[in-house]
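Architecture at a glance
Below are the chains, spelled out letter by letter.
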Amino acid sequence: MHDPRKKRRIITFIVTILLLVIVFFYGLTTGSVKVSYSEVWQTLMGHGDDLSTQLIWNLRLPRMFIAFLVGAALAIAGCLLQGVMRNPLADPGVIGVSAGGGLVAIILTIVLPSLSQFVPLGAFLGAFGTALLIYAVAWDKGVAPLRVILSGVAINAFIGAMTSGIMVLYSNRVQSIISWMTGTLSGKSWYHLNLILPYMIVGLLFSIFAIRSSNVLLLGDDAAKLLGYSVEKHRFFIIMLAAFLSGVAVSVAGLIGFVGLVVPHIFRLVIGNDYRYLLPMSAIGGALLVGFADTAARSWFGSIELPVGILLAMIGAPFFLFLLQRGRVAS
């Protein structure tokens, strides 16, 4: 019997991959200095001139790869959290995981500037530690999804207050952290890519093992237990994996929001809630969104490079409100 969902999934996959390839080459050609597609191809093949090699190989190519990895990590983290919490608003930014990474980064940058070289590691540990704190606060003979959400929102508010207080107390040093707080990929290079790549590979591989658990947990705790699943162990694994991925993304790109909130919703509406398809498609969609937004942020506003986090918020917030208004935000 013909399954329309299968055809829709195949079409969605092909279209998204094609768009990702288009954005990749568009990002390499576009910027303050335009480069032709033939020059891009020659440079990638190792036959470019000095200017093309510097622009494409040393500046734009690593930045594009980092944008793809950051987008994929944030989208997977949001997708996993929405499933395990059975809540459409679950997202690393909403429950405070990203804010925890941001707080540690601010402390290292403006309170302890001598330790600023440890910002990526500190942001990662801050995000991961915040996830553990949320889980501990929400624990009461087990962890109910609603308790995690409420605990995360409260801790997010507390971390936000601490962040604002530090920025007020050290207002003369705030300038150095503003772009990071808004989310930016400016100045990212092969060094930053090599820094996060091993962690990204680990996180992406582990996310494959979370697919079956996510599908089972969508059925509800009672149904999962009847199927022989240890609900708490699987929920803890998925939450920590989401924190790990968002922590790695935050460590290199700063506080980028709305990717993990919006991207899974878009694909859930198109291809359904089966994580065998939803998770990989969310990863590709997240890479596509951040890659496109970063290219637009650095090339569409003249000589000004807009932090990619600002542009994503400008795109993501109205779109999410549109989905909400249409009643299409699905759990």
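Coordinates for the structure precede this section.
Residues numbered from 1 in each chain as written. Predicted model: local features only at pLDDT ≥ 70, side-chain atom pairs only at ≥ 80, totals over all residues. Heavy atoms only, no water.

1. What to know about the side chain of Thr16
Structurally, Thr16 is set in helix H1 (residues 4-29). Owing to a relative accessible area of 5%, Thr16 belongs among the buried residues under this scheme. Once residues within four sequence positions are removed from consideration, Thr16 is found in contact with Phe267, Met281, Ile284, Gly285 and Leu288. (Helix = DSSP H or I, 4+ residues; strand = E, 2+ residues; numbered from the N terminus. Buried < 20%, exposed > 50% of the residue type's maximum accessible area, 1.4 Å probe, protein only. Contact = heavy atoms within 4.5 Å.)

2. Quick notes on the nonpolar core
Formed by 97 residues in total, the largest nonpolar core has its most connected members in Val70, Leu81, Met85, Trp180, Ile239, Ile256 and Val259. The element that contributes the greatest number of residues to this core is helix H3 (residues 50-85), accounting for 20 residues. Leaving out residues up to four positions away in the same chain, Ile239 has contacts with Leu81, Val84, Met85, Tyr135 and Val148. (Core = buried A, V, L, I, M, F, W, Y, C linked by side-chain atoms within 4.5 Å.)

3. Quick word on the packing of aromatic side chains
Overall, the coordinates contain 13 aromatic pairs when judged by the stated rule. Between Phe24 and Phe68, the aromatic rings sit 6.3 Å apart at their centres with planes inclined by 40 degrees, giving tilted as the arrangement. Pair noted here: Phe24 is in helix H1 and Phe68 is in helix H3, with a separation of 44 residues, a long-range link. Ring centres of Trp57 and Trp190 lie 5.9 Å apart, and the angle between their planes is 45 degrees; this geometry places the pair in the tilted category. Pair noted here: Trp57 is in helix H3 and Trp190 is in helix H8 (residues 190-217), with a separation of 133 residues, a long-range link. Overall, the relative accessible area of 25% leaves Trp190 in the partly exposed class. Here a set of aromatic residues connected by ring pairs shows up, and it is made of Phe24, Phe25, Trp57, Phe65, Phe68 and Trp190. (Phe/Tyr/Trp six-rings, centres within 6.5 Å; stacked < 30°, edge-to-face > 60°.)

4. Digging into helix H10 (residues 231-253)
Taking 1.5 Å as the rise per residue, H10 with 23 residues should run 33 Å; its terminal C-alpha atoms sit 33 Å apart, in good agreement. With 18 of its 23 residues buried, H10 lies for the most part within the structure. The positive-phi residue at the C-terminal boundary of H10 is Gly254, with phi of around 80 degrees. (Expected span 1.5 Å × (residues − 1).)

5. Some details on the packing of H8 against helix H12 (residues 275-299)
Between H8 and H12, whose axes approach to 9 Å, the crossing angle comes to 135 degrees. Our classification of the angle between H8 and H12 gives oblique. Regarding H8 and H12, the two cross each other, and that crossing is right-handed. Packed against H8, whose contacting residues are Ser207, Ile211, Ser214 and Asn215, the element H12 presents Tyr275, Arg276 and Leu279 at the interface. (Axes fitted to C-alpha atoms, helices over the stretch in contact; angles between N-to-C directions. Parallel < 35°, antiparallel > 145°, perpendicular 65-115°, else oblique. Left-handed = near helix turned anticlockwise from the far one by under 90°.)

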